[in-house]
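Results of the structural survey
Residues per chain are reported as follows:
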Amino acid sequence: MGAAPQASPDQRVAEFRKTFSRAEQEVGRVIVGHQDVIRKLLTALFSGGHILIEGVPGLGKTLMCKAAADTLGLSFKRIQFTPDLMPSDIIGTQVLTESDGRREFQFKPGPIFAHVVLGDEINRATPKTQSAVLEAMEEHQVTVFGLTYRLEPPYMVLATQNPIELEGTYPLPEAQMDRFLFKVVMGSPKPDELREILSRTTGTRAHQIEAIFKPATAAQEIETLKSLVREVMVAEPLERYIIAMIGACTPGGPGAIPEVSQYLRFGPSPRGAQAIILSAKVNALLAGRVSVSYEDIDDAVVPCLRHRLLRNFQAEAENVTTESILEQVQKRLKRPRA
Amino acid sequence: MPNPVEILGRARNRIAQVAAIRAGAYAIAPALVALGLALALSPIGRATWMRWGYMLAPERAAILRDALYAIAAGAVAAGAILALRAYRNALDFVAAAEQVDIAMRARQEILTFAALADPELDEDAKTARSPLFALLWRRAIGLLEHFDSAKAFPLSLGRPLARSSMLAGVVAVAMILAAMGLVRPPTREQAIAARLREIAREIEATSTDPTDRAIAAEASAAADALENPKIPPQQKIKKLDDAMHDLQQEKKGAGGANKGVGAGGGNQAAKGQGKGSGQGGGNQGKGNGSGGSDKSNQAGSGAGKNQQGNNGSGGKNGKQSKDPATDLQNQLADAKAQIESDAKNSPKPDTNKISDDNQPGNAPRTGGNPDKKGAATKPDSTRPGNVPKGDAAGKQNVPPTGSSQASAKDMGSNLGDTHLGETPPAANYQRYLKPGEKGAALDIHDARYVMFRLPNGAIVGAGGKNVIDSSHPTATTAYVNAPLKESTDQAAPDERQLVPPRYRDLIH
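About the cut-offs
Residues numbered from 1 in each chain as written. Chains lettered and ligands numbered in written order. Predicted model: local features only at pLDDT ≥ 70, side-chain atom pairs only at ≥ 80, totals over all residues. Contact = placed C-beta atoms within 7 Å. Helix = DSSP H or I, 4+ residues; strand = E, 2+ residues; numbered from the N terminus. Nonpolar A, V, L, I, M, F, W, Y, C, P; charged D, E, K, R; others polar. Axes fitted to C-alpha atoms, helices over the stretch in contact; angles between N-to-C directions. Parallel < 35°, antiparallel > 145°, perpendicular 65-115°, else oblique. Left-handed = near helix turned anticlockwise from the far one by under 90°. Pairing = 2+ DSSP bridges. pLDDT = per-residue confidence, 0-100. Core = buried A, V, L, I, M, F, W, Y, C linked by C-beta atoms within 7 Å. Buried ≥ 20, exposed ≤ 12 C-beta atoms within 10 Å, placed from the backbone. Expected span 1.5 Å × (residues − 1).

**Looking at the interface of chain A and chain B**
Opposite the 19 residues of chain A that make contact, chain B presents 18 residues. Those elements that place two or more of their residues in the side of chain A that touches chain B are α1 (9-30), α9 (236-248) and α12 (294-305) of chain A. If you tally residues by element for the side of chain A that touches chain B, the top one is α9(A), at three residues. Residues that form the side of chain A that touches chain B fall into these classes: eleven nonpolar, two polar and six charged.

Take a look at the structure:
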């Protein structure tokens, strides 16, 4: 299966929706609830972005990431970030090997060389180790001893962080936070969901994930679907709407609302606008459209921008969240009316 | 298959037309109201201020009318400009598509389509379209296939006209205020002139006879002359006489029943009398009228008023004739009498007197007798000099005694013992420190005077208690130890005393 390059636009759109829907269902067979998180995860994957998932332990973050990779037939590696983790433990290093009587250094790739990389509890590693992931996330390549190694597309970093343990953690620097397309917060399961989780995990029945793509062709198939996302059209007035939103979220920016000036130190970077457009395009495709609407944009604003706004001391003291500020910005922004 | 670009183009034109009409509609009511008020100014005046005894002078009425015409023209011009701007702004293809999108709830599909299919796009932009554009085109066709722009964008003028009515109300209120400011109680001449014009209009409206129309024109001319201050009274009287003469000729020719003209001449007072008779309800009635008297050297003439009998009760109780010619004759007579009366009462110009200050005076003539003494220039010691009278003016330099509160409190002298003139206005106040209070030391070097300011009363409701000073043998009145009101530095001093110059250098 998969969309052939010569397929008509209708077929390509239909194929995308079908694949996405199947992936959601397959992951949903393993993960109970959290449909919005699953959708955001897959949206980030098809947008070519990375995702930061925040939640308390035991919610199934790691399982969700592995299930998504398995569903799509992609390679998956997991890195448990600890304070003593070194960059070479992630990227890989040169190892002295001997073959044919000759000794030479050979590059041994680290766990970052996979399609889907899960950085578990990323805020437990030191900033030096965290920054080792920066180049991989943005450039899709790593450099070791002056040699650059490409990471095979599709490439996606899924990072999790625990919000309750602050001691012994190193908050991600703003530069690294900005590289995540989404920041998704996982909440506790509802009682019905918890009951279903207990039923699935404590019995003998085990759900087997059925891969949508074969591992050999999965990367190519997904890249084709990713190119379709990029082809979705955005009208100029909607681009201006996104630009106005970015300006309204920037302290001192054009159209900044009073709450932004009062509670924020910095606003989102241009990556924020890019993230909104890409995720809005995926939303449009999922709705069966090939053009972005205002609803698609509004749906993407909070997960795309919540981690790009840097609060000031007053906001932290008054417990003003970035989500509430974004909500105010969305309310104030004018959309055209009849 | 419908072309969505053409459909959007038609929708754009429709939106532009509706926008232009709606924008132009804002000016409709103000323009109509201003125009209507300008055209109906005279009837409005007759129905309102003239009925209440006021008059709008013709030149002022002309100004008001011109202003209203200008407002109407301005409103029309503003409406045209607004309509043009709205039309041009609404001609934007993408903006029109956005309106269509909203009207059809198309989730920005039509908007996106229009942004990419805009006929004004250059070729590079058209070739850079997404491969998915074909799908968007088909979806746009599906959405716009049954689109009716007239139904989607109806011409609703409710709101523009409502706002336009508010503007019209503003115009009307402005006109009312302007009229209230411009109307005046008419002078007698103006009242007569207005009445003459009214009669002239009545004659013109009711008669097609050229002679009647000539009389009406004559009456109008007489009214104009009557109001024109530049025309001397003699000419005004002549105009009125001409009009009366024409009217008499007309009436004679027509064999009218009402007539009566009196004339007087010579140097003595002349009084004109006239008699008239008319039919009123079958009973004969008589009316007497008297012309104005003239005691000047000019020939005087008077026109008798013709009155119609009222059921034969006589002239005194007679009602004013409804015949325009008779009424005109009466008004002319009134006007003439008024002018003659004014001419008599107004001071005659004295040719021996210099009336204009700018004109040179008459030089003293040279005496004819060289031996005759001229007018005495020395004071006459035998006559008493001018002694100032103790009238009201003589009190002008006395300081007021308690005429104002400030001066009443001023217990010091204006001059003091320094003889340096008036006390300068108070400045650079410094306050003595209270006991236990710390602050900058007083700097009263070169102080000119010291002021004492006492609190003028206790704080109301501040408490305190009555104390009987039993230790003082003469204290019989209780006093209150309540806190006193704070006095500010800006308050006028209760008392001030100049520092004598001999002490000034001692103060540091």
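That covers the picture; the talk isn't over yet.
**A look at the packing of helix α6 (residues 109-117) of chain B against helix α8 (residues 133-144) of chain B**
Residue and element names in this part refer to chain B. Relative to each other, α6 and α8 sit at 125°, their axes nearing to 10 Å. The angle between α6 and α8 places the two elements in the oblique class. The two elements α6 and α8 meet at a crossing, and its hand is left-handed. In this structure, α6 contributes Glu109, Ile110, Thr112, Phe113 and Leu116 to the contact, and α8 contributes Phe133, Leu136, Trp137, Arg139, Ala140 and Leu143. Looking at the contact of α6 with α8 residue by residue, the class counts come to eight nonpolar, one polar and two charged.

**As for the sheet that holds strand β8 (residues 156-161) of chain A**
All names here are of chain A. With respect to topology, five strands assemble into an open sheet ordered β2-β5-β8-β1-β9, the strand pairing being parallel. Each end of this open sheet is capped by a strand with a single partner; those strands are β2 (76-80) and β9 (182-185). Mean inter-strand twist for the sheet, computed between neighbouring axes without regard to direction, equals 20°. Bridge count for β2 against strand β5 (residues 116-120) is five bridges, and the pairing is parallel. What sits directly across from Arg78, in β5, is Leu118.

**Some points on the confidence of the model for chain B**
Residue and element names in this part refer to chain B. Of all residues in chain B, 54% have pLDDT values of 70 or greater, and the mean over the chain is 69. In this model, residues 255-321 is a region of pLDDT below 50 whose contacts with residues beyond four sequence positions or in other chains number 160 contacts. This model gives residues 349-364 a pLDDT under 50, and the stretch forms three contacts once residues within four places in sequence are excluded. Here the predicted complex scores 0.61 on pTM and 0.85 on ipTM.

**Describing the packing of helix α2 (residues 28-39) of chain B against helix α4 (residues 58-89) of chain B**
A pair of packed helices is characterised by two quantities: the angle between their axes and the separation of those axes. Residues and elements named next belong to chain B. Orientation of α2 relative to α4, taken along the N-to-C sense of each, is 160°, at an axis distance of 8 Å. In terms of orientation, α2 and α4 fall into the roughly antiparallel class. Relative to α4, α2 is oriented so that their crossing is left-handed. Residues Ile28, Pro30, Ala31, Ala34, Leu35, Leu37 and Ala38 of α2 pack against Arg65, Leu68, Tyr69, Ile71, Ala72, Ala75, Val76 and Gly79 of α4. Tallied by class, the residues present in the contact of α2 with α4 amount to 13 nonpolar, one polar and one charged.

**Observations concerning the nonpolar core**
A:Ile51, A:Ala68, A:Val116 and B:Ala219 are the most contacted members of the largest nonpolar core, which totals 172 residues. If one sorts the elements of this core by residue count, helix α1 (residues 4-25) of chain B sits on top with nine residues.

**Looking at the environment of B:Asn13**
Residue and element names in this part refer to chain B. Residue position: Asn13 is located in helix α1. What makes Asn13 partly exposed here is the crowd of 15 C-beta atoms within 10 Å. Placed 78 residues apart in sequence, Asn13 and Leu91 show a C-alpha to C-alpha distance of 6.7 Å.

**Thoughts on α9(A)**
Residue pairs three or four apart in sequence face the same way in an α-helix, which turns once every 3.6 residues. Counted at 1.5 Å a residue, the expected span for α9(A) with its 13 residues is 18 Å, and the 18 Å between its end C-alpha atoms agrees. For α9(A), the set of buried residues is A:Pro237, A:Leu238, A:Tyr241, A:Ile242, A:Met245, A:Ile246 and A:Ala248. In this structure, the buried side of α9(A) is in contact with α10 (258-263), α11 (270-286), α12 and α14 (322-332) of chain A together with α5 (93-104) and α6 of chain B.

**Brief notes about the pairing of β8(A)**
Residue and element names in this part refer to chain A. Counting buried positions along β8 yields six of six residues, so the element is predominantly enclosed. The alternating pattern of β8 places Met156, Leu158 and Thr160 on one face and Val157, Ala159 and Gln161 on the opposite face, and all of these are buried. Two elements, strand β1 (residues 51-54) and β8, share four bridges in a ladder whose sense is parallel. Looking at the pairing, Ile51 lines up with Leu158 of β8. Where β5 and β8 come together, four bridges link them in parallel fashion. From the neighbouring strand, Leu118 faces β8, where its bridge partner is Leu158.

**Brief notes about the pairing of strand β7 (residues 147-150) of chain A**
Residue and element names in this part refer to chain A. Pairing between strand β6 (residues 141-144) and β7: four bridges, direction antiparallel. Counterpart to Gln141 in the pairing with β7 is Arg150. What sits between the antiparallel neighbours β6 and β7 is a turn of two residues, in which Phe145 has the positive phi angle 50°.

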